[in-house]
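# Breakdown of the fold
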Amino acid sequence: MLRFFLMVFGMFLMLDSASANEESVVSLFEDADFRKDTKNEPTKDESGIFSFFNFSVPDKLFSSDSSSEVKDLTIQETIKLADRGDLKAQMLVGFSYLYGDNGLPVDYTKAFEYYAKAALQNDPVALNNLGSLYYGGIGVKRDSAKAGHLFKKSADMGNHDAAVNIGFMHASGNGARQDPELALKYFESALPGNSPAAKYMVGYAYFYGKHREKDYTKAAQLIKDAADAGFDEAQSIVAKIYLNGLGFPQNYTSGVNYMHKAVKQGDTGSMMLLADILAEGKKYTKDPLYAHTLYNIAAVRGVAGASEKRNEIESKLKIDEIMAAQRNAATYKEELSEMTSYIRNTYGRNIGSYLD
């Protein structure tokens, strides 16, 4: 399962006590820029958008300049080290309470406590993680304004994951002023971190000319990188790039291959386009049986015109072919990639539309 780095605003301060609660950090947000830009707080039934509940695995939680070694310590020794102010230990204990790992129970309040301690040391990863807790209301009252301020703080310190987080907040207007231009600046700053989501958003902007001058050459490679990471929305666009020779040389085989990948993940737009190509048989080998299957699946999912196209092909098939196509449609089950599941659960569906 993919894990994600998440962050918070802090001062260079060491806590020598075992408590770091909401009161210990609340004064840091009195002048938070995001309060004046905040819309209504997102609700928990908004399709999981901006859950940000994907923290990095323990081995990647720590800043590179930390000299502490906690891998060989027991969890109780690690807690003692964390309470003495060790950054790595604080991050590991916070992670362990968040996920119920390393022999500790799930305890969101404790997770917040230890991530707050780390964030108060001005560590960018900890800032991002604490921002995630504020956005999700995990161990603390939900507050997207504080979350946004923390993500921005972390992003401005060079954390690419936080830049993606704040980019999506500004792109969608969830918890921050909607500003696609500013969102794209954050996405572009995150490109060195190889985030498929950031690459897709920047590539989408260039491909459709959204807040950037249309440039198929720049768009093609960025979107292809996201597609090769398994993201279905990117696979659908890369298919069109290859079919039409936009940014890459025209290549029907590559286009069809990317459509197959998107179809496997349930992308109905790719189903219809691929079915049209296979039914026509001019740009790729004709396959009316599979075209019937795809139209049939799309029809069940409510795609306009799918049932009519299915019925048109059906009139040209033999009965055994029709039955085979129907069996294929009945047994179809979308298989989401890890990347598609992650992006949907974290940022929502049709994320490119945030820039439209």
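The notes below deal with the structure included here. (Residues numbered from 1 in each chain as written. Predicted model: local features only at pLDDT ≥ 70, side-chain atom pairs only at ≥ 80, totals over all residues. Heavy atoms only, no water.)

### Some details on the environment of Lys153
Test applied: Counting from the N terminus, the helices are DSSP H or I runs at least four residues long and the strands are E runs at least two residues long. When a residue's accessible area, from a 1.4 Å probe over protein chains only, is under 20% of the maximum for its type it is buried; when over 50% it is exposed; and in between it is partly exposed.
The topology assignment puts Lys153 in helix α6 (residues 144–156). With a relative accessible area of 24%, Lys153 lands in the partly exposed category. When the C-alpha atoms of Lys153 and Asn128 are compared, they prove to be 8.3 Å apart, with 25 residues separating the residues in sequence.

### Notes on the environment of Leu120
Its location among the elements puts Leu120 in the loop between α4 (108–119) and α5 (124–136). Residues Leu120 and Leu130 lie 10 residues apart in sequence; the distance between their C-alpha atoms is 10.0 Å.

### Some words on the pattern of salt bridges
Which entries qualify depends on this criterion: Whenever Lys or Arg places a side-chain nitrogen within 4 Å of a carboxyl oxygen from Asp or Glu, that contact is recorded as a salt bridge.
In total, this model carries 13 salt bridges according to the counting rule given. When the shortest N-O distance is used, the salt bridge between Lys224 and Asp228 registers 2.7 Å. Highlighted residues: Lys224 and Asp228, both in helix α10 (residues 216–228), separated by 4 residues, approximately one helical turn. On the accessibility criterion, Lys224 (18% relative accessible area) is buried. Overall, the relative accessible area of 42% leaves Asp228 in the partly exposed class. A salt bridge links Glu334 to Arg301; the nearest nitrogen and oxygen atoms lie 2.9 Å apart.

### Describing helix α13 (residues 268–280)
For clarity, the cut-off: The span you would expect from a helix comes to 1.5 Å times its residue count less one. Here, two residues are considered to be in contact whenever any of their heavy atoms come within 4.5 Å of each other. A 3.5 Å cut-off defines polar contacts: any pair of N or O atoms within that distance qualifies, except that in protein one atom must be a possible hydrogen donor and the other a possible acceptor, and neighbouring residues in sequence count only when both atoms are side-chain atoms.
With 13 residues, α13 should reach 18 Å at 1.5 Å per residue; the first-to-last C-alpha distance of 18 Å fits that figure. Burial in α13 covers these residues: Ser270, Met271, Met272, Leu274, Ala275, Ile277 and Leu278. Looking at the packing, one finds that the buried side of α13 touches α11 (232–244), α12 (252–264), α14 (288–300) and α15 (306–314). Residue Asp267 occupies the N-cap position of α13, its side-chain oxygen lying 3.4 Å from the main-chain nitrogen of Gly269. Gly281, located one to two residues past α13, shows a positive phi value of around 70°.

### A short note on unusual backbone geometry
Its identity as a non-glycine residue notwithstanding, Asn102 has a phi of 55°, on the positive side. For Asn102, the location among the structural elements is in the loop between α3 (87–99) and α4. We note that His211 has phi near 65°; this positive angle belongs to a residue other than glycine. Note on placement: His211 falls in the loop between α9 (196–208) and α10. Overall, His211 belongs to the partly exposed group, its relative accessible area being 36%.

### Some details on the packing of aromatic side chains
Defined as follows: For this analysis, a ring pair means two rings from Phe, Tyr or Trp (six-membered ring only for Trp) whose centres lie within 6.5 Å, classed as stacked if their planes differ by under 30 degrees, edge-to-face if by over 60, and tilted for the remaining angles. Two conditions define a charge located above a ring, namely a distance within 6 Å from the ring centre to NZ of Lys or CZ of Arg, and an angle within 35 degrees of the ring normal.
Under the counting rule described, the total for this entry stands at 14 aromatic pairs. Between the aromatic rings of Tyr97 and Tyr114, the centroid separation amounts to 6.2 Å while the plane-to-plane angle is 20°, which identifies the pairing as stacked. Placement of the pair is Tyr97 in helix α3 and Tyr114 in helix α4, with a sequence separation of 17 residues. Tyr97 sits in the buried class, given a relative accessible area of 11%. Looking at Tyr114, the relative accessible area reads 3%, which means it is buried. Ring geometry for Tyr342 versus Tyr347: centroids 6.3 Å apart, planes at 80°, classification edge-to-face. A relative accessible area of 11% places Tyr342 in the buried class. An aromatic cluster of three or more residues is present, and its members are Tyr200, Tyr204, Phe207, Tyr208, Tyr216 and Phe231. Lying over the aromatic face of Tyr258, Lys261 brings its terminal NZ or CZ to 4.7 Å of the ring centre.

### Let's talk about the environment of Asp107
Note on placement: Asp107 falls in the loop between α3 and α4. Its relative accessible area of 26% is what places Asp107 among the partly exposed residues. For the pair Asp107 and Gly139, spaced 32 residues apart in sequence, the C-alpha separation works out to 7.9 Å. A polar side-chain atom of Asp107 sits 3.2 Å from the main-chain amide nitrogen of Thr109.

These figures capture arrangement, not role.
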